Amino acid sequence: MKIQIYTDNVSANHILYYALARLYGKNSVCFINANEILNGALSKDVDLFVMPGGASRYKADKLNGAANRMIKHYVEQGGRYFGICAGAYMGCNVTKWAQGLPHEIITENELSFFSGAAIGPIEAFGRGDNYNQTDAYLVTLECQGKSVASLYLGGCVFLPDIADGDEANNHEKSDELSGYKVLASFADLPDKPAAIVSGRYGQGRWLLCSTHPEYDNEAVELLDFNVIGNQYEHFSRLPNDADLRLELLESLLVNLDLPS
């Protein structure tokens, strides 16, 4: 197994590393930066490329152009792209962050696996009062007929490009017609908009997840600090009975047909 997590040297994604390592072993997971991608490290023997959370504009600044073309070529030739939060925004045609507010960001994305917009943050879960993320918030996803808890940190809803005569919330289209499949929706929101979507690109597969499935109860507990100037204090405000597990992450990797 060979899993690569993109690093921009800004966002700390060690929690994602440990989650994947618990599922597949530490020897199967490594970090990869933009320079390494440009030098050919994202090769066909890589089983999974993960674009993690953080602020997507930092990732895009290093990847736009040749590196993003290499990521798309990797997927087109049979690779797997897993975008989480910021990585999910990057996998959509357009990012629309904090529309109409002082921290608005509206930008087109080069990867564009999902034909539509990533719109966030979701006001019911967090405010768009900065360019980066919201405080941690526990949400409920409706996934394969089950209710699943997941951690929200400023993710998006996925709004597909709609042809004339189509309904904006029609999630019942087949993969053949829509080019994507809704794997989970936000159970706490009206009309239950898409929270996780997946599809194919060339011979490969992509999956975009608005929330952070790499966070389980242990990860949250390790973010509970008693220090001066604790910038992670918002994690301690999560419900004490939170039931965060790695089963959601594992099921998403199964959906990507990751080798066992």
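Refer to the structure printed above.
Burial of strand β3 (residues 48-51) is two-sided: the residues Leu48 and Val50 facing one way and the residues Phe49 and Met51 facing the other way are all buried. In the sheet, strand β1 (residues 3-6) pairs with β3 via three bridges, with the strands oriented parallel. Within the sheet, the bridge partner assigned to Ile3 lies in β3 and is Leu48.

Quick look at the pattern of salt bridges now. Scanning all chains against the criterion turns up eight salt bridges. With a closest N to O distance of 2.7 Å, Lys192 and Glu142 form a salt bridge. With a gap of 50 residues between them, Lys192 in the loop between β11 (181-186) and β12 (194-201) and Glu142 in strand β8 (residues 137-143) connect regions that are remote in the sequence. For Lys192, a relative accessible area of 35% puts it in the partly exposed group.

Among the nonpolar cores identified, the biggest contains 34 residues, and Leu20, Val50, Phe82, Phe186 and Ile196 are the most heavily contacted of them. Once residues lying within four places of it in the same chain are set aside, the contact partners of Leu20 are Ile3, Ile5, Gly25, Val29, Val50, Leu249 and Leu253. In this structure, Ala34, Leu42, Val75 and Ala194 belong to the second largest nonpolar core, which totals 31 residues.

Before going further, it helps to examine helix α8 (residues 247-255). Along an α-helix, residues three or four apart share an orientation, since each turn contains 3.6 residues. For α8, the full list of buried residues reads Leu248, Leu249, Leu252 and Leu253. Seen end-on, α8 carries its buried residues on one side only, within an arc spanning 135°. Count one or two residues on from α8 and you reach Asp257, which has phi positive near 60°.

Within this structure, the stated rule accounts for zero disulfides. A disulfide-free cysteine, Cys85 has its sulfur positioned 7.3 Å from the sulfur of Cys156, the nearest such atom. For Cys85, a relative accessible area of 4% puts it in the buried group. Summary of cysteine pairing: Cys143 is not part of a disulfide, and the nearest cysteine sulfur, belonging to Cys209, is at 9.0 Å.

Taken as a whole, the largest pocket spans an internal volume of roughly 840 Å³. Contributing to the lining of the largest pocket are 44 residues, with Ser11, Gly53, Gly54, Ala55 and Gln133 lying nearest its centre. At the level of secondary structure, the elements contributing two or more residues to the lining of the largest pocket comprise α1 (14-24), α3 (56-63), α5 (86-90), β5 (92-97) and β6 (105-108). Examining the composition of the lining of the largest pocket, we find that four residues originate from one element, α3, more than from any other. Of the residues assigned to the lining of the largest pocket, the class counts are 20 nonpolar, 19 polar and five charged. Estimated volume of the second largest pocket: approximately 270 Å³. Lining the second largest pocket we find Cys143, Gln144, Lys146, Ser147, Val148, Ala149, Asp243, Arg245, Glu247, Leu248 and Ser251. For the lining of the second largest pocket, the secondary structure elements donating two or more residues are β9 (146-152) and α8. Among the elements that take part in the lining of the second largest pocket, β9 stands out by supplying four residues, more than any other.

Turning our attention to the sheet that holds strand β4 (residues 80-84). Pairing is mixed in the open sheet, where nine strands are placed in the order β2-β1-β3-β4-β13-β12-β11-β8-β9. Every interior strand has two partners, whereas the edge strands, β2 (29-32) and β9, have only one. On average, each strand axis in the sheet is tilted by 25° relative to the strand beside it, whichever way the strands run. As judged from the four bridges shared by β11 and β12, these two strands associate in the antiparallel manner. Bridge pairing in β12 places Ser185 opposite Ala194. Here helix α4 (residues 66-76) sits on the sheet and contacts β3, β4, β12 and β13 (204-209); the angle it forms with β3, its principal contact strand, is near 140°.

Criteria and thresholds
Residues numbered from 1 in each chain as written. Predicted model: local features only at pLDDT ≥ 70, side-chain atom pairs only at ≥ 80, totals over all residues. Heavy atoms only, no water. Buried < 20%, exposed > 50% of the residue type's maximum accessible area, 1.4 Å probe, protein only. Helix = DSSP H or I, 4+ residues; strand = E, 2+ residues; numbered from the N terminus. Pairing = 2+ DSSP bridges. Salt bridge = Lys/Arg side-chain N within 4 Å of Asp/Glu carboxyl O. Core = buried A, V, L, I, M, F, W, Y, C linked by side-chain atoms within 4.5 Å. Contact = heavy atoms within 4.5 Å. Arc of directions from axis to C-beta. Disulfide = S-S within 2.5 Å. 1 Å grid on protein atoms, 1.4 Å probe; cavity = no way out; pocket = protein on both sides within 12 Å on 5 of 7 lines; lining within 4 Å. Points joined across faces, edges and corners; volume = space filled by probe spheres on them. Nonpolar A, V, L, I, M, F, W, Y, C, P; charged D, E, K, R; others polar. Axes fitted to C-alpha atoms, helices over the stretch in contact; angles between N-to-C directions.

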